[in-house]
Amino acid sequence: MRLETCWFCSSNIYPGRGVMFARNDGTVFRFCRSKCHNNFKMKRNPRKVKWTKAYRAARGKDLTNDTTFELERKRNRPERYNRDVMQKTLKAMEKITEIRHKRESRFIANRLKERKRQEAKLARKQLEQEIHIIKSPAAALASSSKEKVKTPIEKVRDREAMQE
């Protein structure tokens, strides 16, 4: 069973599904659903449509350059069937999918760390700007009384009191 990939969104197309469009020059485009086909006919760029894999790859939201993707490459070279090689290949495929999932989750976690740092920074800045909303009026009065500026007359009285 051969799985094709959609030209527009890069998702898998299973046999008996999707639409195939052949241009006059002989190039063949395969689409997984009418949504992709219609976007192609409207001459939309897949890198600018947010739900496509091309958009996510262009914006750095998905892991694109990884050695685990080498297994998915299309090979047109016929291979002689060997039971041992086939069993080893299937085991390797399972391990590679586990490795890929771990790497993808690590990539996403690292990508989200930066956003968390930015949110914390913005929260601190907002807190500094709007601290007067959080402080109670009694605390504000107490702090303002400590920082009260004395008039010259009060200063003289304080000096006289200290001398006595």
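Residues numbered from 1 in each chain as written. Predicted model: local features only at pLDDT ≥ 70, side-chain atom pairs only at ≥ 80, totals over all residues. Heavy atoms only, no water.

Our focus in this paragraph is the overall build of the protein. Looking only at helices and strands, the protein features 6 helices and 4 strands. Starting at the N terminus and ending at the C terminus, the protein contains elements arranged as β-β-β-β-α-α-α-α-α-α. Burial status across the protein gives 12% buried among its 164 residues. Residue pairs at least 24 apart in sequence account for 41% of intrachain contacts in the protein once pairs closer than 6 positions are excluded. In the structure as shown, the protein presents an accessible area of about 14,700 Å², 53% of it carried by carbon and sulfur atoms. (Helix = DSSP H or I, 4+ residues; strand = E, 2+ residues; numbered from the N terminus. Buried < 20%, exposed > 50% of the residue type's maximum accessible area, 1.4 Å probe, protein only. Contact = heavy atoms within 4.5 Å. Areas by Shrake-Rupley, 256 points an atom, 1.4 Å probe, with all protein chains shown as cover.)

Inspection of the secondary structure puts H37 in helix α1 (residues 34–41). A relative accessible area of 14% places H37 in the buried class. Those residues within four positions of H37 in sequence are excluded, and the remaining contacts are V19, F21 and F31.

Right, let's get into the packing of aromatic side chains. This structure, assessed with the given rule, holds 7 aromatic pairs. Consider the rings of W7 and F29, whose centres lie 5.3 Å apart with planes at 90 degrees: the pair is edge-to-face. Taken together, the residues span a long stretch of sequence, with W7 in the loop between β1 (4–5) and β2 (12–13) and F29 in strand β4 (residues 28–31) at a distance of 22 residues. By relative accessible area, which is 41% here, W7 ends up partly exposed. One aromatic cluster is present, formed by W7, F21, F29, F31 and F40 through successive ring pairs. (Phe/Tyr/Trp six-rings, centres within 6.5 Å; stacked < 30°, edge-to-face > 60°.)

For the rest of this paragraph, the subject is the nonpolar core. Counting residues in each nonpolar core, the largest one holds 10 residues, listed as C6, F8, C9, I13, F29, F31, C32, C36, F40 and V49. When sequence neighbours within four positions are dropped, the list of residues in contact with C6 reads S11, I13, R30, F31, C32 and C36. (Core = buried A, V, L, I, M, F, W, Y, C linked by side-chain atoms within 4.5 Å.)

Phi is positive for S10, close to 70 degrees, though the residue is something other than glycine. As for its position among the elements, S10 is in the loop between β1 and β2. Of note in this structure, K43 is not a glycine but carries a positive phi near 60 degrees. Position of K43 among the secondary structure elements: in the loop between α1 and α2 (53–58).

A surface patch of positive charge is lined by R47, K48, K50, R59 and K61. Assignment of secondary structure puts R59 in the loop between α2 and α3 (83–129). (Patch = residues over 30% accessible without salt bridge, like charges linked within 9 Å, V, L, I, M, F, W, Y side chains within 5 Å. Salt bridge = Lys/Arg side-chain N within 4 Å of Asp/Glu carboxyl O. Lys, Arg positive; Asp, Glu negative; His and termini not counted. Charge placed at Lys NZ, Arg CZ, Asp CG, Glu CD.)

Buried within α1 we find C36, H37, N39 and F40. Within α1, the buried residues cover an arc of 165 degrees as seen down the axis, which keeps them to one side. Where the residues of α1 are buried, they touch β3 (19–22) and β4. Positive backbone phi, approximately 60 degrees, marks K43, located one or two places after α1. (Arc of directions from axis to C-beta.)

Quick look at the pattern of salt bridges now. Taken as a whole and judged by the stated rule, the model has 4 salt bridges. Across the pair D25 and R23 runs a salt bridge whose closest N-O atoms are separated by 3.9 Å. Accessibility expressed as a relative area gives 39% for R23, which makes it partly exposed. Taking the shortest distance from any N to any O, the salt bridge between E119 and R115 comes out at 3.4 Å.

Let us now look at the environment of V19. Within the fold, V19 resides in strand β3. Relative accessible area serves as the criterion here: at 32%, V19 is assigned to the partly exposed category. Ignoring any residue separated from it by four or fewer positions in sequence, one finds V19 in contact with F29, R30, F31 and H37.

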